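This is what each chain is made of:
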Amino acid sequence: RFCATGRMGLLRNLSAAEILAQVAAARRAAAKLGMPAVANVVFMGMGEPADNAENVRAAVACLVDPKRFNFGRDRVTVSTVAPTPAAFADVLGVGRGAGQNGQGGGGGGG
């Protein structure tokens, strides 16, 4: 493992609601402390997004929804090592077969 959190072991995946609650809490804390507003969200570290693809996709959809969190699509990044092309395709939401036929299985991490 390349990070200390990897040695802690997986207890469970966060739900989409728990992921969104973290963003909401960060927004409240920044406002309360007079800090700049939260402008970017990065899914990285303390867990592999490909292992929680359904909840990550749901959270990203809420984050970029103009009626919810209203982040620009260029302000939300999912960093993943996606251990297989199928896992990468799953994070993208393009289906398990997409990574196997060369579509959606390449490119960068976010």
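Residues numbered from 1 in each chain as written. Predicted model: local features only at pLDDT ≥ 70, side-chain atom pairs only at ≥ 80, totals over all residues. Heavy atoms only, no water.

Q: How would you explain the packing of helix H1 (residues 16-32) against helix H2 (residues 53-64) if you had to name every residue and give the values?
A: At their nearest, the axes of H1 and H2 sit 8 Å apart, and the two run at 45° to each other. In terms of orientation, H1 and H2 fall into the oblique class. Regarding H1 and H2, the two cross each other, and that crossing is right-handed. In this structure, H1 contributes Ala 16, Ile 19, Leu 20 and Val 23 to the contact, and H2 contributes Asn 55, Val 56, Ala 58, Ala 59, Cys 62 and Leu 63. Of the residues that constitute the contact of H1 with H2, the class distribution is nine nonpolar, one polar and no charged. (Axes fitted to C-alpha atoms, helices over the stretch in contact; angles between N-to-C directions. Helix = DSSP H or I, 4+ residues; strand = E, 2+ residues; numbered from the N terminus. Parallel < 35°, antiparallel > 145°, perpendicular 65-115°, else oblique. Left-handed = near helix turned anticlockwise from the far one by under 90°. Contact = heavy atoms within 4.5 Å. Nonpolar A, V, L, I, M, F, W, Y, C, P; charged D, E, K, R; others polar.)

Q: Report on H2, specifying residues and quantitative values.
A: With 12 residues, H2 should cover 16 Å at 1.5 Å per step; its first-to-last C-alpha distance of 16 Å lies within 8% of that length. Residues of H2 that are buried include every one of Ala 53, Val 56, Ala 59, Val 60, Cys 62, Leu 63 and Val 64, and no others. (Expected span 1.5 Å × (residues − 1). Buried < 20%, exposed > 50% of the residue type's maximum accessible area, 1.4 Å probe, protein only.)

Q: Any chance you could break down the nonpolar core for me, citing the residues and the numbers?
A: Counting 22 residues, the largest nonpolar core has Phe 43, Leu 63, Phe 71 and Val 76 as its most contacted members. Element by element, the count of residues in this core is highest for H2, at seven residues. Among all residues touching Phe 43, those that are not within four sequence positions of it are Ile 19, Pro 49, Val 56, Ala 59, Val 60, Leu 63, Val 76, Thr 77, Val 78 and Ser 79. (Core = buried A, V, L, I, M, F, W, Y, C linked by side-chain atoms within 4.5 Å.)

Q: I'd like a rundown of the pattern of salt bridges, residues and numbers included.
A: Overall, the coordinates contain three salt bridges when judged by the stated rule. Salt-bridge contacts for Glu 18 lead to Arg 12; the nearest nitrogen and oxygen are separated by 2.7 Å. Note that Arg 68 and Asp 65 form a salt bridge whose closest N and O atoms lie 3.4 Å from each other. Given a relative accessible area of 53%, Arg 68 falls into the exposed group. For Asp 65, a relative accessible area of 22% corresponds to the partly exposed category. (Salt bridge = Lys/Arg side-chain N within 4 Å of Asp/Glu carboxyl O.)

Take it as geometry only, folks, not as evidence of what the structure does.
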